[in-house]
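Spelled out, the chains give:
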Amino acid sequence: MNLFALLDQAAARHGDRGAVFSGEQQLHTWSALRERALRLAATLDGPGQRIAIASENRPEIVELMFATWAAECTVVPINYKLHPREMLQIIEDSGAARVFASPKIGKELVDITGIPVETVDSQGYSARLTAAPADVPTVTDPATLAWLFYTSGTTGRSKGAMLSHRNLMAMTVAHLADFDSPDHNCSLVHGAPMSHGSGLYIPPYVMRAARQVIPASGAFDPDEFLDLCEHHPGCSAFLAPTMVQRLVATGRPKPRNLKTVVYGGGPMYVHSLKKAMEAFGPIFVQLYGQGEAPMTITGLRRADHVCGDDWADDAILGSVGYARSGVDVAVLREDGTPAAIGEIGEIVCRGDVVMSGYWNNPDATAQTLQDGWLRTGDMGSFDERGFLTLRDRSKDVVISGGSNIYPREVEEALLEHPGVEEAGVVGAPDEEWGEIVVAFIVGSATPEELDAHLLDRIARFKRPKRYEYIDELPKNSYGKVLKRALRERLS
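These figures come from a predicted structure and were not determined experimentally.

K.L.:
Teacher, can you tell me more about the pattern of salt bridges here?
P.N.:
Should their charged atoms come close, side chains of opposite charge can pair. Evaluation of the coordinates by the stated rule reveals 24 salt bridges. One salt bridge in this structure joins Arg301 and Asp178, with 3.4 Å as the shortest N-O distance. Here the residue Arg301 occupies a position in the loop between β14 (293-300) and β15 (306-307), and Asp178 occupies one in helix α7 (residues 165-178), the gap between them amounting to 123 residues. Judged by relative accessible area, which is 15%, Arg301 ranks as buried. Look at Asp178 and you get buried, because its relative accessible area is 11%. Arg256 is paired through a salt bridge with Glu230; the nearest N and O atoms lie 3.4 Å apart. Of this pair, Arg256 sits in the loop between α11 (241-249) and β12 (258-263) while Glu230 sits in helix α10 (residues 222-231), and the two are 26 residues apart along the sequence. Classification of Arg256 as exposed rests on a relative accessible area of 63%. The class of Glu230 is partly exposed, set by a relative accessible area of 29%.

K.L.:
How should the pairing of strand β11 (residues 235-239) be read in this particular structure?
P.N.:
Put simply, side chains in a regular strand alternate between the two faces of the sheet. Counting buried positions along β11 yields five of five residues, so the element is predominantly enclosed. The alternating pattern of β11 places Cys235, Ala237 and Leu239 and Ser236 and Phe238 on opposite faces, both of which are buried. When strand β9 (residues 187-189) meets β11, the two strands line up parallel, connected through two bridges. When the bridges of β11 are listed, Ser187 appears paired with Cys235. Two strands pair when backbone bridges link them, and β11 and β12 are joined in this way by five bridges, in the parallel orientation. Pairing of Cys235 across the sheet is with Leu258, part of β12. Regarding topology, α11 serves as the crossover connection from β11 to the parallel β12, and that connection is right-handed.

K.L.:
Help me understand the sheet that holds strand β27 (residues 466-469) in this model?
P.N.:
In a beta sheet, neighbouring strands are held together by backbone hydrogen bonds and run either parallel or antiparallel to one another. Pairing within the open sheet is mixed, and its three strands lie in the order β25-β26-β27. Each having just a single partner strand, β25 (420-430) and β27 make up the two edges of the open sheet. Shown here is a sheet whose adjacent strand axes are inclined to one another by a mean of 30 degrees, direction ignored. Pairing geometry for β25 and strand β26 (residues 434-443), over 10 bridges, is antiparallel. Bridging from a neighbouring strand, Val420 pairs with Gly443 of β26. Contacts from helix α15 (residues 407-415) reach β25, β26 and β27 within the one sheet, and its direction differs from that of β25 by about 145 degrees. Where helix α16 (residues 447-455) meets the sheet, its contacts fall on β25, β26 and β27, and the angle it forms with β27 comes to roughly 125 degrees.

About the criteria used
- Residues numbered from 1 in each chain as written.
- Predicted model: local features only at pLDDT ≥ 70, side-chain atom pairs only at ≥ 80, totals over all residues.
- Heavy atoms only, no water.
- Salt bridge = Lys/Arg side-chain N within 4 Å of Asp/Glu carboxyl O.
- Helix = DSSP H or I, 4+ residues; strand = E, 2+ residues; numbered from the N terminus.
- Buried < 20%, exposed > 50% of the residue type's maximum accessible area, 1.4 Å probe, protein only.
- Pairing = 2+ DSSP bridges.
- Right-handed = clockwise from strand over helix to strand, strands pointing away.
- Axes fitted to C-alpha atoms, helices over the stretch in contact; angles between N-to-C directions.
- Contact = heavy atoms within 4.5 Å.

Okay, here's the thing in structure tokens:
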């Protein structure tokens, strides 16, 4: 089983129909996309190589993904929001053979990495598309690595979740079983980054020959997104909660062709969800997942959001739903026994969607995969109806605008400044972003000095939105900073 078969079958059934669009402009039919992918595949390194893709949302990402799979190589998507140094760490850790990049990111990477960096607007890339097409892969082992998804660890250093063709096919089937039912008259609009959430949803929509629509801006602009949903048929999208809120803020009515919005990647507060449903109707689907079990742990289906002529109750809307198709989900106590209804414990899951482990990181793998279960590090509880509610995150991750931010990484960068004696970073609730990063500082450095200091060290989206100055960080008897005490100062 090789994911390239999804494109192969779409081209066989709907070859002359539009497949890839930049804004409203059709770029490739399914037959043309298949041929471009196979021509690119013929020029790639041998089976087993990792191929990194570092780009804002662009049409080339779709053909590069399927070309990489056709060559029996592994896609290593890199979040375009990262600082070049953070991108370099992923490139080096993955052992990528080469990087395909957008023109902007290519300029930033070419001088800091020793492996080939090729921009998608280059003559070299165009030359690849004139090669004789590769053969369609027919004997790929389903356990073959297909997607190396880098997710930050508690130390701030990225870890590569190893996802096979079987893992991504399980994700694909679960999405079509639970959330959406597109066909060749439908469209996937890439509002969120294709380097993670939105890109992972390419396989199920290609499987059904639904259009891949990339905004011409390459970014998320609410009005542009809504305009595209007026133009293209049967539109679906994966969006972070902050993106949904920006759509609501436009004040525009629901576009005639907007069919499904899957939201996830961060907290969606109940009152914000109700405002979104009042603006656009019952088109929303919620997912809870991790890079280690991509997009597929629990979910709230579209019908779960409503009850008769009204919205569902707040307990349901505030939950993350119930177990997805093909996944077992449980809540465990510290001793590993199942928690009772209403009792908070660690959320664990198992199924074909769960990764095989972390790339070259056996210690982290052993900590995360135990007794056949993926230990998510998230705390939650089930109610008597089977709905799971997230209660806390044991890893203290801050989720802002759908992006995971780990406090340790920000703290370490802050502590490099000579005017910072101590730093403690936590998340604070925010209407627009879900959460924002707040840094508690012991020291004399000003907010302006700290912003300038962080500019060369971490990605912009990870930088604190607020600085609070205190005489000392609260600690327990062992010297550990009490993050809960810091959060209480913000309430």
